[in-house]
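Structural description and commentary
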Amino acid sequence: MKGETLLRVEHLTMRFGGLVAVNDLSFTAKAGDITALIGPNGAGKTTVFNCITGFYKPSEGRVALAHGGEAAFAVIEEATAKGARSLKVEDGAIHLLERMPDYLVTQHARVARTFQNIRLFSGMTVLENLLVAQHNPLMLASGYSVLGILGLSSYTTRQKEAVELAKDWLERIGLTDRADDPAGDLPYGAQRRLEIARAMCTKPVLLCLDEPAAGLNPRESLELNTLLREIRDRDATSLLLIEHDMTVVMEISDHVVVLDYGVKIADGSPEQVKNDPKVIGAYLGVEDEEVAAVEAEVEGRA
Amino acid sequence: MAVLSQSTAAGAKTGVPDRLVSALKDAGFATLVMLGLCVPLVTLRTDSEEGGQLILVPRLGLTAALCLAVFFARLGYLTVWGKQARAARQPTSRKEAIKTVATPRYSLMTIGLPLALGFALAYPLLVTLINGGLSEARYWIDLGILVLTYVMLGWGLNIVVGLAGLLDLGYVAFYAIGAYSYAILSTTFHISFWLCLPIAGILAATWGVLLGFPVLRLRGDYLAIVTLAFGEIIRLVLINWVPVTNGGAGIASIPRASFFGLPFNDDDNGFAAFFGLEFSPMHRIVFLFYLILALATLTSLVTTRLRRLPVGRAWEALREDEIACRSLGINTTTTKLTAFATGALFGGLAGSFFAVRQGFVSPESFNFLESAIILAIVVLGGMGSQVGVVIAAVVMIAGPEMLRNLGFLKAIFGENFDPSEYRLLIFGLAMVVMMIWRPRGLVSTREPTVFLKERKSISSDLVKEGHG
């Protein structure tokens, strides 16, 4: 399982009217890896996220996720031709995420996400936030509310289990003491951690984090690194993250994909990417001929 | 306003005497303003003399009284109520302040709930004893029925507006559907009330889903407008679909409810005869009271239960943040539809009750004002709060009725004074006062549905109102 391809993004293109936000992007993410998606502002990283998690329908391309090992990718063409959203294979399944509405991406394909600007249920308690994340299994246990209204014990047991899972996560993010406080009251760093825990309560195979370290101080940033590594190693959840904080990216990611103007300009290990002249150029700017020519003209006039 | 904030700010820094001095100054200033206003408006009154000549009547006493009233009101405001006012106005650092209130209301609730239910159960007996007879108490029992109907409607709408955060201005449509379902089914097909009740509820819920589908994508104002239109469409259909609904004339002589098969009449097989009581038309009224009490309690129980189930949490999560809901695998379409359907179901049940109580339904009973009143009950009560809805329903429905009992005011204001004419004025004033003091309703805090160690109410500052 580990080391096998989990997510395959193929020729992904997203256009908004005339603007091409993502252009023919292909990359893969491996199971058990932390894959980072980096790039300058406006490179189209969040658009890629929105396409993967079903919030946008991509204009072109395919986003496929395999459950139960990469063998499932064998039926990818069959699934595509059939027009199916998912296709089950022996001990696994393939999910074509671009065909799914956003909630099914989480419910069936088990891809969870967080947001660049934190989206917690601020008027609900920390514990409630974690229980809302377990909506689908609990809904089933409550017999779509019918059995739940009658107060059957099967639901109570499941609810207790859900609270236990929530407690585990509260322990891990260090918020046990604040479980009964409204989520909106937490300090910023804790809100970030809670959002990650909430996404993890959906028991995802792939967790997509949109700038998890944004606004964190160095110590919190370090704690985040530990948390993310733990998620990768202990929970068998692979991660895909957008990040601007290069210390986080270089330290924890196993694989980095660099975007610039919606096009992939580099793809490889953190070391390879760090030394790639194209990447350095995208981040720091290059002195290409055009710039030199303009400068020469300006100087000539002066 | 500037004067006020300056003086209170100064008061906060320095001691009590300084605050009193500044309050006196402020009150003096307000009195001067009042005097200035009085001179052209109150002090001189034009009157006609016998010969038709115009004369000026000075009214110095009244002016002085008004100025004094303003002075003391202002002084009282600054010294007595000013403390809370200042505390509320003081800018607190919102990020850091803990917005939870360790709740005394919870313990109050545990006593208050049985107390309220006990009072409701004993209400017919109480008013009978006070008025010295069952028939004499009819007015009060009728009033109780009316209030409970609105409590039930408020609780029903609370699911849609308070929990799911979907602004529904056409709730009366479901009330109408419930009422007409019973009216038509019972007069045409002679189906008994007890069978019609669930049918009416299901029909209303179906219409709730039908309304829900087209408005799923709408939010805020747009949702409000479409639901408003839905309410009007239902009313217009009732008026114009004459073969079925009998148009504006309405449907009359709808069969009365029976006591599980025993009719309320003076026959040998009637309710009174069966229980060996002397026949009284009041038996039916008392029965209706307990019927609506049972229906309202059912509404409350189901809603409270649903809130603690995943679907209820999903409703509240939807109100808080729809996009986050979708990212957690919650199907927002079905979640919204269940909210509409559940709300509509209780509206339909209440409608059925309305029809069986009145014995007559016409489109006139289901106009927009009804929707507005039900919504006002929910909003004034505090969105999502069950207790708030009860208080608001009592105030909004029983309050105007109470105006009729203020006959003694005629002694002061003269024979032609009719207090109930001031109903809407008082209504408006109450709304304005609420907007100023309790903009999020009477009970604005939110009770969490689950807790680990301690149940803490959540301040309304953090709870969102929903956006659609």
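For clarity, every value in this text was computed on a predicted model and none was experimentally measured. (Residues numbered from 1 in each chain as written. Chains lettered and ligands numbered in written order. Predicted model: local features only at pLDDT ≥ 70, side-chain atom pairs only at ≥ 80, totals over all residues. Heavy atoms only, no water.)

Moving on, we get to the confidence of the model for chain A. Residues shown with low pLDDT carry predicted positions that ought not to be read at fine detail. Of the residues in chain A, 93% have a pLDDT of 70 or more, and the chain-wide mean is 86. Highest mean pLDDT in chain A belongs to helix H4 (residues 126–132) of chain A (93); lowest belongs to helix H13 (residues 289–301) of chain A (60). (pLDDT = per-residue confidence, 0-100. Helix = DSSP H or I, 4+ residues; strand = E, 2+ residues; numbered from the N terminus.)

Attention shifts here to the domain arrangement of chain A. Residues and elements named next belong to chain A. Domain annotation for chain A reports domain 1 (5–110 + 204–301) and domain 2 (120–202). The gap between the C-alpha centroids of domain 1 and domain 2 is 28 Å. Each partner contributes residues to the interface: domain 1 has 22 residues there, and domain 2 has twelve residues. Overall, the association of domain 1 and domain 2 removes approximately 1,300 Å² of surface from exposure, summing both partners, and the carbon and sulfur fraction of that is 62%. The shortest N-O distance in the salt bridge between Glu230 and Arg172 comes to 3.3 Å. Where domain 1 packs against domain 2, one counts four residue pairs in polar contact (both at pLDDT 80 or more). Counting only elements with at least two residues in the side of domain 1 that touches domain 2, the list comes to helix H3 (102–107), strand S8 (206–210) and helix H9 (218–234). Top element by residues in the side of domain 1 that touches domain 2 is H9. It accounts for eight residues. Split by residue class, the side of domain 1 that touches domain 2 holds ten nonpolar, four polar and eight charged. (Domains from an automatic or database assignment. Contact = heavy atoms within 4.5 Å. Buried area = accessible area lost by both parts, 1.4 Å probe. Salt bridge = Lys/Arg side-chain N within 4 Å of Asp/Glu carboxyl O. Polar contact = N/O pair within 3.5 Å; in protein donor to acceptor, adjacent residues only side chain to side chain. Nonpolar A, V, L, I, M, F, W, Y, C, P; charged D, E, K, R; others polar.)

Considering all chains together, one arrives at 34 salt bridges over all chains under this definition. A salt bridge links Glu230(A) to Arg234(A); its shortest N-O distance comes to 3.8 Å. Here Glu230(A) pairs with Arg234(A), and both are found in helix H9, just four residues apart, close to one helical turn. For Arg234(A), a relative accessible area of 56% puts it in the exposed group. Note that Asp142(B) and Arg357(B) form a salt bridge whose closest N and O atoms lie 3.8 Å from each other. One end of the pair, Asp142(B), is in helix H5 (residues 138–163); the other, Arg357(B), is in helix H14 (residues 332–358), with 215 residues separating them in the sequence. Note on accessibility: Asp142(B) and Arg357(B) belong to one class, buried. Members of the salt-bridge network, linked through shared partners, are Glu128(A), Arg307(B), Glu316(B), Arg319(B), Glu320(B) and Arg446(B). (Buried < 20%, exposed > 50% of the residue type's maximum accessible area, 1.4 Å probe, protein only.)

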